[in-house]
Amino acid sequence: MFDINFKAMIYVKFGLPRLFHQLMKEEQSIEENSHQEISDYYLRQCELYVNICTLQLVTTIFPTYFYILVNILQFPLDAENFMYEMWIPFPVQWKVLAIFKIVICQYGIFMNTAVRSALQSLMMFITSQLWILQVNIRNVFSEFSEEAAREELGKLIRKHQFLIGFVEKVNDSVKYILLLEYLLDSINMAAAMLQIATASSVTEMTFTLVYFILLLTQLVILAWSANEINTQSVEVSNAIYQSNWMDQNKSIKTTLLIMLIRAQKPLGLTIGPFRFMNLEASLMTMKASYTYSRVMTETYA
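Residues numbered from 1 in each chain as written. Predicted model: local features only at pLDDT ≥ 70, side-chain atom pairs only at ≥ 80, totals over all residues. Heavy atoms only, no water.

### Examining the nonpolar core
For soluble globular proteins, the rule of thumb is that nonpolar side chains tend to be buried together. Tyr11, Leu119, Ile137, Val170, Val174, Leu269 and Met277 are the most contacted members of the largest nonpolar core, which has 59 residues in total. For this core, the elements supplying multiple residues, two or more each, are α1 (2-13), α2 (16-31), α3 (36-74), α4 (94-143), α5 (146-198), α6 (202-242) and α7 (250-263). Residue contributions to this core peak at 15 residues, all from α4. For Leu269, the contacting residues outside a window of four places in its chain are Leu119, Met123, Val167, Val170, Asn171, Val174, Leu178, Ile229, Arg275, Phe276 and Met277. Membership of the second largest hydrophobic core comes to 5 residues, among which are Ile68, Phe82, Met83 and Ala98. (Core = buried A, V, L, I, M, F, W, Y, C linked by side-chain atoms within 4.5 Å. Buried < 20%, exposed > 50% of the residue type's maximum accessible area, 1.4 Å probe, protein only. Helix = DSSP H or I, 4+ residues; strand = E, 2+ residues; numbered from the N terminus. Contact = heavy atoms within 4.5 Å.)

### Quick notes on the side chain of Ser117
With respect to the secondary-structure elements, Ser117 resides in helix α4. Judged by its relative accessible area of 13%, Ser117 falls in the buried class. Among the polar contacts listed, one links the side chain of Ser117 to the backbone oxygen of Ala114, at a separation of 3.1 Å. (Polar contact = N/O pair within 3.5 Å; in protein donor to acceptor, adjacent residues only side chain to side chain.)

### Re the packing of aromatic side chains
A full pass over the atoms with the stated rule returns 3 aromatic pairs. With 5.8 Å between their ring centres and 65° between their planes, Phe125 and Phe166 make a pair best called edge-to-face. Highlighted residues: Phe125 in helix α4 and Phe166 in helix α5, separated in sequence by 41 residues. The class for Phe125 is buried, based on a relative accessible area of 3%. Here Phe162 and Phe166 contribute two aromatic rings whose centre-to-centre distance is 5.7 Å and whose plane-to-plane angle is 40°, an arrangement assigned as tilted. With a gap of 4 residues between them, Phe162 and Phe166 both fall in helix α5, about one helical turn apart. Members of the aromatic cluster, joined through ring pairs, are Phe125, Phe162 and Phe166. (Phe/Tyr/Trp six-rings, centres within 6.5 Å; stacked < 30°, edge-to-face > 60°.)

Worth remembering: the numbers are spatial, not functional.
Next comes the structure, spelled out in structure tokens:
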């Protein structure tokens with residue numbers, strides 16, 4: 001609950017909802033684009049986004065309802081420590097309290113999916129825009145006349161600058177969320193590993209294993225999506241080289257060279273002020289989790 005509400009507050013404080021207005025404007029221009037390759041690619045990205053959000057929802061639902069089931073099996077509904085230990089400063093029937101605790105779980109399911117899908121949509125949008133930019137750069141000199149190509153190239157440069165600024169805005173909004181994610185995932189996965197190793201029943205071990213899969217799935221999806229931004233931003237320089245730049249005049253070649261040099265500096269989301277969030281960072285998280293779990297296992301033993 002702390003994790004979910006902290007993310008929501010950070011989103012609002014740093015104006016993340018405003019970025020979606022820019023996203024929708026850019027998406028409208030994609031829908032109006034007559035380039036079949038770009039339209040097909042964007043539709044595939046949208047389908048992928050829906051599948052990822054569905055996976056996040058399913059992997060959140062399973063451990064949540066497993067948690068409710070485990071508590072129902074272990075404690076009667078009228079027990080004070082059923083699901084959550086809570087202090088209520090006024091008399092309340094145990095049925096009402098039990099229902100309230102179960103409702104809290106539903107809030108967790110949808111809010112966890114919502115805060116993750118919001119960031120996921122921004123990351124996949126950035127990746128898509130960088131890929132579309134590459135297609136347009138490769139084709140700019142073959143689809144337009146010399147004068148029109150010069151004008152179109154100016155638009156592509158402005159689009160590249162827009163994406164650089166957009167990634168920086170998103171990163172400023174979420175870098176401390178990613179830092180919190182990195183720390184909490186390391187601790188939670190370590191605690192899950194410890195609980196699996198010391199579980200006293202099959203039910204407890206199964207629940208912890210399901211919860212561990214949820215944490216691992218969320219970490220891999222986040223790291224993969226952030227890694228794609230990094231990869232596609234560097235691929236822009238390859239797209240410039242693959243264009244018909246050698247047949248252009250000196251002015252255009254100089255412009256392309258400047259754009260190529262800038263494109264070689266990767267874009268991405270960072271874990272706080274430290275390093276890029278990517279697949280390597282997710283491996284570091286898992287290694288840290290394993291180290292923590294071994295230390296805790298030794299202490300427990």
